[in-house]
Amino acid sequence: MDFTFTEEQQAAVEAAKAVFAGVAPDGVPSPALTAGAVAEDFDRALWAKLADADLLSLLLDADCGGAGLDAVALCLVLRESARVLARVPLLESSAAAVAVQAYGGAELKADLLPRAGRGEVVLTVAANGRTGHDPAELAVTARRDGEVWVLDGVQTAVSWAHNADFTVVPAHTDADRTVLALVPRVHDGVVLAEQISTTGERLGEVRLEAARIAGRDVIEEEGAWEWLSDLLATGTCALALGLGERALGMTSEYTSKREQFGFPVATFQAVAVQAADRYIDLRAMEATLWQAAWRISTGAGGALPASGDVAVAKIWASEGVRRVVQTAQHLHGGFGADTDYPLHRYHAWAKQLELSLGPAAAHEESLGDLLAAHPLG
């Protein structure tokens with residue numbers, strides 16, 4: 001495999017590093033010290049900087065003011081954002097916008113995408129279903145009523161639902177098809193309830209009660225939800241990688257300075273072996289991430305559908321990020337739990353990412369089903 005990035009992708013990384021350079025991981029109250037949400041809104045100042053750097057339009061076509069890059073470039077930027085725990089809906093808004101570009105109608109694209117690329121419209125996606133364990137597309141029903149669609153159901157734990165202008169909601173029809181509806185935050189038949197994530201961020205339970213959505217705001221193309229779901233999962237793997245790399249870097253810095261018996265603890269074999277194991281986890285997370293992102297970006301064929309590569313990336317990311325932060329906490333000793341030190345935030349964010357990705361065993365089962373349906377050799 002050749003994971004060499006293009007000049008355009010590398011330029012996106014440099015732009016991201018410049019934007020995120022001034023972000024402090026402890027810029028909001030700690031989730032360990034806050035009973036409710038750590039903040040009412042995401043980091044709007046950072047969002048504006050991302051827009052000015054053209055990072056919100058990264059995947060959009062040139063006629064929408066975008067750079068026309070791919071999922072690999074998005075994952076590279078997400079990786080940088082996770083290193084500093086950037087509180088912005090970069091993954092959700094970017095993925096939703098590019099799904100509209102790929103599958104939406106001409107009127108919807110012309111109205112929405114330029115504004116989304118400039119950061120004037122914020123998008124998110126309802127991807128967790130009713131309980132977080134059932135398929136998201138089965139949690140809401142959609143039926144036609146003339147020129148509109150009528151939606152009923154509940155989606156839970158929707159990231160940034162209280163702040164995004166539109167939530168992309170997957171819904172199933174009587175014909176057992178999945179459509180994607182762009183649901184405004186304030187709309188008749190839309191009820192939002194507050195939920196709090198492990199990171200302390202506000203999530204939303206989106207309850208739809210005969211919500212009527214214009215036909216132009218509903219994507220009916222076959223495969224749109226599957227593609228969007230794979231992109232969201234792959235982007236979450238990129239967040240896990242960036243977070244894990246920073247947590248291990250913090251651990252390296254700390255153990256190189258912390259001394260016992262007159263020597264840095266990093267020189268002790270037990271410490272070095274644990275750190276080396278976590279480094280191997282990160283490299284496996286990285287290799288499987290780029291494989292999945294490449295399949296999504298290029299549509300290249302393979303022995304298995306692209307969802308197989310996404311499943312492998314999710315297996316490594318969900319278990320790997322947990323192991324990395326646990327080892328980081330262990331090797332930091334009591335200092336790792338100090339709320340004046342940012343590592344505890346990385347632990348909370350890692351747990352949220354692990355929950356978002358789902359258990360590795362479930363992805364292994366999905367991968368087994370794919371292998372059974374597509375025998376190799």
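Okay, so let's go over this structure. The structure presented is a predicted model; accordingly, all values stated were derived computationally and were not measured. (Residues numbered from 1 in each chain as written. Predicted model: local features only at pLDDT ≥ 70, side-chain atom pairs only at ≥ 80, totals over all residues. Heavy atoms only, no water.)

### Examining the overall build of the chain
Note the following rule: What counts as a helix is a DSSP run of H or I of at least four residues, what counts as a strand is a run of E of at least two, and both are numbered from the N terminus. Just to be clear, the radius of gyration here is over C-alpha atoms, and the globule rule we use is 2.2 Å times residues to the power 0.38. Burial status follows relative accessibility: with a 1.4 Å probe on protein chains alone, a residue under 20% of its type maximum counts as buried, one over 50% as exposed, and anything between as partly exposed. The contact criterion used throughout is that any non-hydrogen atoms of two residues lie within 4.5 Å. Areas reported as accessible are Shrake-Rupley estimates using a 1.4 Å probe. Residue values count occlusion only from the protein chains shown. We score Asp and Glu as negative and Lys and Arg as positive, and we do not count His or the chain ends. Charge positions come from single atoms, namely NZ of Lys, CZ of Arg, CG of Asp or CD of Glu.
If you tally the helices and strands in the chain, you get ten helices and ten strands. Taking 21 Å as the expected radius of gyration for a compact globule of 377 residues, we find that the chain reaches 21 Å, a close match to that expectation. Taking the principal axes of its C-alpha atoms as reference, the chain extends roughly 80 × 55 × 40 Å. A burial count over the chain gives 51% of its 377 residues as buried. Counting only contacts in the chain whose residues sit at least 6 apart along the sequence, the fraction spanning at least 24 positions is 74%. Entry remark: accessible area of the chain is about 16400 Å², with carbon and sulfur atoms responsible for 52%. Charged side chains of the chain number 29 positive and 51 negative; the gap between the two group centres comes to 4 Å.

### Some words on the pattern of salt bridges
Filter applied, for reference: The salt bridge criterion pairs a side-chain nitrogen of Lys or Arg with a carboxyl oxygen of Asp or Glu, the two atoms within 4 Å.
By the definition in use, this model includes 26 salt bridges. Note that Arg144 is salt-bridged to Glu220, the shortest N-O span being 2.7 Å. Here Glu220 lies in the loop between strand 8 (218-219) and helix 6 (224-257) and Arg144 lies in strand 2 (residues 140-145), a separation of 76 residues in the sequence. What makes Arg144 partly exposed here is its relative accessible area of 46%.

### Regarding the packing of helix 6 against helix 8 (residues 306-332)
The packing of two helices is summarised by the inter-axis angle and the distance between the axes. Stated precisely, the cut-off is as follows: Axis angles are defined between N-to-C directions and span 0 to 180 degrees, where every axis is a line fitted to C-alpha atoms and, for a helix, only to the segment in contact. Here the angle decides the label: under 35 degrees means roughly parallel, over 145 means roughly antiparallel, 65 to 115 means roughly perpendicular, and every other value means oblique. Note on convention: the crossing is left-handed when the near helix lies turned anticlockwise from the far helix by less than a right angle, right-handed when the turn is clockwise.
Axis separation between helix 6 and helix 8 bottoms out at 9 Å; the angle between their running directions is 25 degrees. The angle between helix 6 and helix 8 falls in the class roughly parallel. As for the relative orientation of helix 6 and helix 8, their crossing is left-handed in sense.

### Let's talk about the nonpolar core
A general tendency of soluble globular proteins is for nonpolar side chains to be buried together. What counts, and what does not: Only buried residues count toward a nonpolar core. Its members are Ala, Val, Leu, Ile, Met, Phe, Trp, Tyr and Cys residues joined through side-chain atoms within 4.5 Å.
Ranked by internal contacts, the top residues of the largest apolar core, which has 89 residues, are Phe20, Leu46, Leu50, Val77, Val88, Leu228 and Leu243. For this core, the element with the most residues is helix 6, which contributes 15 residues. Ranked by size, the runner-up nonpolar core spans 19 residues in total, among them Val140, Ala161, Leu208 and Val218.

### Thoughts on the pairing of strand 4 (residues 166-172)
Note the cut-off: DSSP bridges decide pairing: two strands pair if at least two such bridges lie between them.
Of all seven residues that make up strand 4, five are buried, and the element is covered over most of its length. Two elements, strand 1 (residues 123-125) and strand 4, share three bridges in a ladder whose sense is parallel. Across the sheet, residue Leu123 finds its bridge partner in strand 4, namely Phe166. Here seven bridges tie strand 4 to strand 5 (residues 178-184), and the two strands are oriented antiparallel to one another. For Val168, the partnering residue across the bridge sits in strand 5 and is Leu182. Two successive antiparallel strands, strand 4 and strand 5, enclose a turn made up of five residues, where Asp176 displays a positive phi of approximately 60 degrees.

### So, the state of the cysteines
Here is the rule: By disulfide we mean two sulfur atoms from cysteines, separated by a distance within 2.5 Å.
Under the counting rule described, the total for this entry stands at zero disulfides. Free cysteine Cys75: the closest other cysteine sulfur is in Cys237, separated by 8.1 Å. Classification of Cys75 by relative accessible area gives buried; the value is 0%.

### Thoughts on helix 2 (residues 44-52)
Selection criterion: In this context, the arc is that of the directions from the helix axis out to the C-beta atoms. Whenever two N or O atoms come within 3.5 Å, that pair is a polar contact, provided that in protein one can donate a hydrogen and the other can accept it, and provided that, for residues adjacent in sequence, both atoms are side-chain atoms.
Listed in full, the buried residues belonging to helix 2 are Leu46, Trp47, Leu50 and Ala51. For helix 2, the angular spread of the buried residues around the axis is 145 degrees, confining them to a single face. Exposed residues lying more than 90 degrees from the buried face of helix 2 are Ala45 and Asp52. Looking at where helix 2 begins, the residue whose side-chain oxygen comes 3.3 Å from the main-chain nitrogen of Ala45 is Asp43. Positive backbone phi, at 60 degrees, marks Asp54, one or two positions downstream of helix 2.

### Considering the packing of helix 7 (residues 269-298) against helix 8
Keep this limit in mind: Throughout, the ten residues Ala, Val, Leu, Ile, Met, Phe, Trp, Tyr, Cys and Pro are labelled nonpolar, Asp, Glu, Lys and Arg are labelled charged, and all others, Gly among them, are labelled polar.
Two elements in contact, helix 7 and helix 8, have axes whose closest approach is 8 Å; the angle formed by their N-to-C orientations is 155 degrees. As judged from the angle between their axes, helix 7 and helix 8 are roughly antiparallel. For the pair helix 7 and helix 8, the sense of crossing is left-handed. Looking at side-chain class alone, the contact of helix 7 with helix 8 contains 16 nonpolar, six polar and five charged residues.

### Regarding the pairing of strand 2
Bridging between strand 2 and strand 3 (residues 148-159) involves six bridges; their strand directions are antiparallel. Looking at the pairing, Asp145 lines up with Val148 of strand 3. Adjacent in sequence and paired antiparallel, strand 2 and strand 3 are bridged by two residues, among which Gly146 carries a positive phi angle near 70 degrees.

### Overview of the packing of aromatic side chains
Where we set the bar: When the centres of two rings from Phe, Tyr and Trp lie within 6.5 Å, Trp using its six-membered ring, the rings pair. Their planes under 30 degrees apart give stacked, over 60 give edge-to-face, and anything left gives tilted. Counted as over-ring charges are cases with an Arg CZ or a Lys NZ within 6 Å of the ring centre that also lie within 35 degrees of the ring normal.
Considering all chains together, one arrives at six aromatic pairs under this definition. Arranged with centres 4.6 Å apart and planes meeting at 35 degrees, the rings of Phe335 and Tyr341 form a pair that is tilted. Here a set of aromatic residues connected by ring pairs shows up, and it is made of Phe42, Trp47 and Trp160. When the ring centre of Tyr279 is taken as reference, the NZ or CZ atom of Arg283 above it lies at 4.9 Å.

### Considering the side chain of Asp230
Take Asp230: it is sitting in helix 6. Beyond its immediate chain neighbours, meaning those up to four positions away, Asp230 contacts Ile296, Ser307 and Val310.

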